[in-house]
Amino acid sequence: MSAASAVTARIKNIDREKIVLGVAAPLLAIVTAVVITSLVMLATGQNPFQAFSVMIDFGTKSDSQVWIINKAIPYYLSAVAVAIGFRMNLFNIGVDGQYRVAAFFAAAVGGALALPGIVQIPVIILTAMLVGALWAGIAGYLKATRGVSEVITTIMLNFIGGSLIGYFLKEGRLAEREGNLIHTKDIPDSSYFFEIPTSVQPIYGTIVIAVAVGIGYWFLLSRTRFGYDLRAVGASESAAEASGVSVKRTVITTMLLSGAVAGLVGMPTLLNISGNYGNDFPTGIGFTGIAIALLGRNSAIGMAFAALLWGFLERTGNQLEFEGYAQEIVGVMQGVIVLSVVVAYELVRRWGIKRQQRFVGEQLAAQAQARKDAEVTA
């Protein structure tokens, strides 16, 4: 076999090894999480095998599956918003504030208009995306022009956003009272998003938005020049700048895109459930998105599975409480899974790097030996 053929065969072998490594990391994380969670349960005098049996049995029921899918929609959108920043080493911790501000003003606009649904629904969605992008863009602008950490600015913007919503969410301003609830004016019935009927309960039509965002995220980062620039800046700002990439423009654009996707996080609730923004609107989804992005390793498909897993844990956790298990056990599971994934991927990544370095060393040694043999022969 020639040297070229040997190298080609070795490269194919490396590709197979990458696939094996990609599968090994999540499997290692799951096994580690199960073992640690089981030890925690045993330490508290609870039967882990019974708990896992209850979770699998309840989580695979038809109504639970639909519930998990509907719950995963905003989780996935939040994770994508976070992942856009992660891919260039930007920590957009303000997704929670961005989606709440975006959902509030989108609900206010939707309640104030009475257009046909085919027109009003896009108006509401575009309003949410625009507000989310502008809110995140503040942090992006300060990062690009003043070097202010996006972590600090997005945290502060979370508090400012909450105060802004609290100011306008009052009677006589942009809200009205209905019993103990204060909420924006209801959007017209024609402005609700469609639902996909099932034998138990409908699946929210906003799943279409989540799928479109996932495809767009994958295409943008993997198949466009901007995606390449974004990843290049994340890998090395100085190298990207030297190659002609505008780091400041990329930072601002990335935060605008992240904020636009964050603006969509509240749409499943607004357009499929509540029809308004009130003081009972769900919060904390942005922080959940950080965990899911880490769990899914910023991959469009990986984050989808992570969002479903998160929904599964929340759904089955409620059942565990009825079975007499501590409510906090689900939080332990979620935390352990995220930590296990981060550690497992890092271990597998380092092992893969060592194998590649060993391969390169073997090839260089083989080439040096071949040159020496040639010199001796000559």
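Predicted model only: the values in this text are computed from it and were never measured.

1. A word on the overall build of the chain
Part 1: When its secondary structure is counted, the chain shows 14 helices and 4 strands.
Part 2: Here the chain holds 378 residues, and 44% of them are scored as buried.
Part 3: Taking all contacts inside the chain whose residues are at least 6 apart in sequence as the whole, residues at least 24 apart take part in 76%.
Part 4: Taken as a whole, the chain presents about 19,300 Å² of accessible surface, with 64% of it coming from carbon and sulfur.
Part 5: Where the 28 positive side-chain charges of the chain centre and where its 24 negative ones centre are 11 Å apart.

2. Comments concerning the pattern of salt bridges
Part 1: In the structure shown here, the tally under the stated rule is 5 salt bridges.
Part 2: Across the pair D96 and R100 runs a salt bridge whose closest N-O atoms are separated by 4.0 Å. Here the residue D96 and the residue R100 both occupy positions in helix α4 (residues 95–112), the gap between them amounting to 4 residues, near one helical turn.
Part 3: Here D96 falls in the buried class, since its relative accessible area comes to 6%.

3. What about the environment of Q356?
Part 1: With respect to the helices and strands, the residue Q356 is situated in helix α14 (residues 328–377).
Part 2: A relative accessible area of 38% places Q356 in the partly exposed class.

4. Thoughts on the packing of helix α5 (residues 117–146) against helix α6 (residues 150–168)
Part 1: Here α5 crosses α6 at 150°, and the two axes come no closer than 9 Å. Here α6 runs roughly antiparallel to α5, going by the angle between their axes. Of the two possible hands of crossing, α5 and α6 adopt the one that is right-handed. Here W135, I138, A139, L142 and K143 of α5 come into contact with α6, specifically with E150, T153, T154, L157, I160, G161 and L164.
Part 2: Here the contact of α5 with α6 is composed, by residue class, of 7 nonpolar, 3 polar and 2 charged.

5. A short note on the UniProt feature "transmembrane region" (unreviewed entry) in the chain
Part 1: If you check UniProt for "transmembrane region" (unreviewed entry), the listed places come out as residues 20–44, 64–86, 98–115, 121–142, 151–169, 203–221 and 290–313 in our numbering.
Part 2: Within the segment residues 98–115, helix and strand shares are 83% and 0% respectively, and the terminal C-alpha atoms sit 26 Å apart.
Part 3: Helix makes up 79% of residues 203–221 and strand 11%, and the two end C-alpha atoms of the span are 29 Å apart.

6. Regarding the side chain of D96
Part 1: At a separation of 2.8 Å, a polar atom in the side chain of D96 contacts the main-chain amide nitrogen of G284.
Part 2: Residues in contact with D96, not counting those within four places in the same chain, are N158, T283, G284, I285, G286 and F287.

7. Things to note about a negative patch on the surface
Part 1: Taken together, the side chains of E176, E178, D186 and D189 make up a negatively charged region of the molecular surface.
Part 2: For D189, the location among the structural elements is in the loop between β2 (181–183) and β3 (195–196).

8. Focus on α4
Part 1: Helix length check: α4 (18 residues) gives 26 Å between terminal C-alpha atoms against 26 Å at 1.5 Å per residue, within 8%.
Part 2: Most of α4 is tucked away, with 15 of its 18 residues classed as buried.

9. Considering the side chain of N92
Part 1: You can see N92 is positioned in the loop between α3 (62–86) and α4.
Part 2: Of note is the side chain of N92, whose polar atom sits 3.2 Å from the backbone nitrogen of G94.
Part 3: Side-chain polar atoms of N92 contact the side chain of S258, separated by 2.7 Å.
Part 4: Excluding residues within four positions of it along the chain, N92 makes contact with A81, V82, Q98, T154, M255 and S258.

10. Looking at the packing of α4 against helix α10 (residues 247–262)
Part 1: Close contact between α4 and α10 brings their axes to 8 Å; oriented N to C, the two are set at 55°. In terms of orientation, α4 lies oblique with respect to α10. In this structure, α4 crosses over α10, and the sense of that crossing is right-handed. When α4 is examined against α10, the residues V95, Q98 and Y99 are found in contact with a partner set consisting of S258, G259 and A262.

11. Thoughts on α3
Part 1: Between the first and last C-alpha of α3 there are 35 Å, a value that for 25 residues agrees with the 36 Å anticipated at 1.5 Å per step.
Part 2: Its axis deflected by about 30° at A72, α3 carries its strongest bend there, up to four residues before the proline P74.
Part 3: Within α3, 19 of the 25 residues are buried, which leaves the element mostly enclosed by the surrounding structure.

12. Side note on a nonpolar patch on the surface
Part 1: Together, I152, I155, M156, F159 and I160 make up a nonpolar patch on the protein surface, roughly 500 Å² of accessible area in all.
Part 2: The topology assignment puts I152 in helix α6.

Definitions and cut-offs
- Residues numbered from 1 in each chain as written.
- Predicted model: local features only at pLDDT ≥ 70, side-chain atom pairs only at ≥ 80, totals over all residues.
- Heavy atoms only, no water.
- Helix = DSSP H or I, 4+ residues; strand = E, 2+ residues; numbered from the N terminus.
- Buried < 20%, exposed > 50% of the residue type's maximum accessible area, 1.4 Å probe, protein only.
- Contact = heavy atoms within 4.5 Å.
- Areas by Shrake-Rupley, 256 points an atom, 1.4 Å probe, with all protein chains shown as cover.
- Lys, Arg positive; Asp, Glu negative; His and termini not counted.
- Charge placed at Lys NZ, Arg CZ, Asp CG, Glu CD.
- Salt bridge = Lys/Arg side-chain N within 4 Å of Asp/Glu carboxyl O.
- Axes fitted to C-alpha atoms, helices over the stretch in contact; angles between N-to-C directions.
- Parallel < 35°, antiparallel > 145°, perpendicular 65-115°, else oblique.
- Left-handed = near helix turned anticlockwise from the far one by under 90°.
- Nonpolar A, V, L, I, M, F, W, Y, C, P; charged D, E, K, R; others polar.
- UniProt positions renumbered as here; feature names shortened; annotations may be inferred.
- Polar contact = N/O pair within 3.5 Å; in protein donor to acceptor, adjacent residues only side chain to side chain.
- Patch = residues over 30% accessible without salt bridge, like charges linked within 9 Å, V, L, I, M, F, W, Y side chains within 5 Å.
- Expected span 1.5 Å × (residues − 1).
- Bend = angle between axes of the 7 residues up to and from the residue.

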